[in-house]
Amino acid sequence: MKITGYRTLSSRHHWRRAVGDVNGHIEDAVTDVPILIIETDEGIEGVGIGSHADLARLFPAVLGEDPRAVSALFDRMLAAVFKSSHTGATYGGLATIDAALWDLKAKLAGEPLWRLLGGRDRFVPGYASGLDIALSDDEIAGFYGEFADRGYVAAKLKGGLDPDADLRRLRVIEEVLARNTTRPGLMLDANESWQVKQAVRYVSALEEHVDLLWVEEPLRRWDAVGHARLSAGVRSAIATGENLTGVEQFRPLFDAGAPDIVQAGAVWGVTHVLRLAHAAAARDLPISPVGYNANPAVAAVMTAVPNHLTTEVQALDFAPGVVVDHEFADGGIVLGDEPGGGIRIDESAIELASTGDGWRNPAGPHHRPPRAGLRVVLDGVER
């Protein structure tokens, strides 16, 4: 069997709410969902979701190759773009090819990917994540209420501007999830918006009132020493890593003794997440994937690694034409038995739904509303 070509599609996920973080948000958001389909000489196709970046430069490294050699092909793609760097957007294209190849490999084996990778239990524990910086308290209660109805016991709030507002909103989530547990899991995501001393004061103020499982991306992704200092200064675990494009980029963090929870961007592919999970496990650290419903292929990886903690779930549905063989239930993701990575593409459904501007709206994801100004309030005093 040989890889003969590829084609690309894009669907659009209609969130039916505002989504964003401390850096900005979009009202009534619609986001592009890039899809890659890899073709073979035997007519079997592999599907990956993630990015279309640099595909033309990356694909020659796998063209004509046997798709079953997927781990070696990952390294072959890395080598092909090594001189000009594989990081950033390029890593997204590489990872999407990788996901499609794993889908192919599992289809050829006649197994769901989670089983092929060595998973025993099809259940993946998860937590709800509303990308909710712009939602009102009532909207937050409604969103997380849908997850509570499906057994979820943990959730992550986007915040980082006002600890009093974040505390109030965390309390709303806590009350909603309390229908399933006496101790809901609460996390806060600051999206790299603080520096160390600011983070210590902010998190410490919240910890006087709530027990946070983790604080996510409190500092810039490259600040290894800062993450270690912060971890030593607060009770909460410190989680980061979703925007690091390559396992080697975690080395400074590991050497500094940070983070407490290793995060993997779901768009970075199956091989990346497998290797990162084992690197983290060797240091007795848990791993937690982050992203668009954790990308079904990456959710499958979590069944087969020894240190999975929990997986982010941002919505209870997928984009038009993206048919996923799993369900959100019992507080997590229940993976199906369909051979492959669990994704089928209905191209006619994508065509019918191809309307809307999505992230291309000139207001953009970085439009900052007046209430999102640089303002920090501690002990009732603006500072």
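Reading the values: rules and limits
Residues numbered from 1 in each chain as written. Predicted model: local features only at pLDDT ≥ 70, side-chain atom pairs only at ≥ 80, totals over all residues. Heavy atoms only, no water. Helix = DSSP H or I, 4+ residues; strand = E, 2+ residues; numbered from the N terminus. Rg over C-alpha atoms; globule rule 2.2 N^0.38 Å. Buried < 20%, exposed > 50% of the residue type's maximum accessible area, 1.4 Å probe, protein only. Polar contact = N/O pair within 3.5 Å; in protein donor to acceptor, adjacent residues only side chain to side chain. Expected span 1.5 Å × (residues − 1). Core = buried A, V, L, I, M, F, W, Y, C linked by side-chain atoms within 4.5 Å. Pairing = 2+ DSSP bridges. pLDDT = per-residue confidence, 0-100. Contact = heavy atoms within 4.5 Å. 1 Å grid on protein atoms, 1.4 Å probe; cavity = no way out; pocket = protein on both sides within 12 Å on 5 of 7 lines; lining within 4 Å. Points joined across faces, edges and corners; volume = space filled by probe spheres on them. Nonpolar A, V, L, I, M, F, W, Y, C, P; charged D, E, K, R; others polar. Axes fitted to C-alpha atoms, helices over the stretch in contact; angles between N-to-C directions.

Caption draft 1: Highlighting the overall build of the chain. When helices and strands are tallied, the chain shows 12 helices and 19 strands. A compact globule built from 383 residues should have a C-alpha radius of gyration of about 21 Å, and the chain, at 20 Å, falls within 12% of that. The principal-axis extents of the C-alpha atoms in the chain amount to approximately 65 × 45 × 40 Å. Buried residues in the chain amount to 58% of all 383 residues.

Caption draft 2: Spatial organisation of the environment of Gln314. On the secondary structure map, Gln314 appears in the loop between β13 (311–313) and β14 (322–324). Between the C-alpha atom of Gln314 and that of Phe147, which follows or precedes it by 167 residues, the distance is 10.0 Å. Here Glu312 takes part through its side chain, which lies 3.3 Å from a polar atom of the side chain of Gln314.

Caption draft 3: Structural context of helix α6 (residues 163–177). In this model α6 runs 21 Å from its N-terminal to its C-terminal C-alpha over 15 residues, within 8% of the 21 Å that 1.5 Å per residue would give. What α6 keeps buried is the set Pro163, Ala165, Asp166, Leu167, Arg169, Leu170, Val172, Ile173, Val176 and Leu177.

Caption draft 4: Spotlight on the nonpolar core. Counting residues in each nonpolar core, the largest one holds 104 residues, and the members touching the most others are Ile38, Ile97, Leu101 and Trp194. In terms of residues, this core owes the most to one element, helix α3 (residues 89–109), which gives eight residues. Counting eight residues, the second-largest nonpolar core is a separate cluster that includes Trp214, Ala239, Ile261 and Val290.

Caption draft 5: Representation of helix α7 (residues 196–207) in the model. Relative to the 16 Å expected for 12 residues at 1.5 Å per residue, α7 spans 16 Å between its end C-alpha atoms, a close match to the ideal helical length. Turning to α7, its buried residues number three or more, namely Val196, Ala199, Tyr202, Val203, Ala205, Leu206 and Glu207. If you check the start of α7, you find a side-chain oxygen 3.0 Å away from the backbone N of Lys197, and it comes from Gln195.

Caption draft 6: Broad picture of the pairing of strand β4 (residues 30–40). Within β4, nine of the 11 residues are buried, which leaves the element mostly enclosed by the surrounding structure. Note: β4 against strand β5 (residues 46–49), four bridges, orientation antiparallel. Its bridge partner lying in β5, Leu36 is registered against Gly48. Connecting β4 to the next strand, β5, in antiparallel fashion are five residues, including Gly43 with a positive phi near 85°.

Caption draft 7: Main features of the confidence of the model for the chain. Summary statistics for the chain give a mean pLDDT of 92 and a share of 92% for residues scoring 70 or more. A low-confidence stretch, residues 358–383 (pLDDT under 50), is modelled with 50 contacts involving residues beyond four sequence positions or located in other chains.

Caption draft 8: Representation of empty space enclosed by the protein within the structure. For the structure shown, the criterion picks out three cavities of 30 Å³ or more. In this model, the largest cavity occupies a volume close to 90 Å³. Taken together, 14 residues make up the lining of the largest cavity; nearest its centre are Trp114, Asp325, Leu335, Gly341 and Gly342. Counting only elements with at least two residues in the lining of the largest cavity, the list comes to α4 (113–116) and α11 (296–301). Class assignment for the residues of the lining of the largest cavity results in seven nonpolar, five polar and two charged. Looking at the second largest cavity, the residues that line it are Val47, Ala99, Asp103, Leu113, Ala297, Gly341, Gly342 and Ile343. Taken together, the residues that form the lining of the second largest cavity break down as five nonpolar, two polar and one charged.

Caption draft 9: Local environment of the environment of Pro163. Structurally, Pro163 is set in helix α6. Placed 189 residues apart in sequence, Pro163 and Leu352 show a C-alpha to C-alpha distance of 44 Å.

Caption draft 10: Structural context of the sheet that holds strand β1 (residues 3–14). Taken together, three strands build an open sheet; the order of strands is β1-β4-β5 and the sheet is antiparallel. At either end of the open sheet lies a strand with only one pairing partner, and these are β1 and β5. Going from strand to strand, the sheet's axes swing by 20° on average, the running direction of each strand aside. Where β1 and β4 come together, 11 bridges link them in antiparallel fashion. Residue pairing across strands places Tyr6 opposite Ile38, the latter belonging to β4. Its contacts with the sheet place α3 against β1, β4 and β5, and it is angled at close to 145° to β5.

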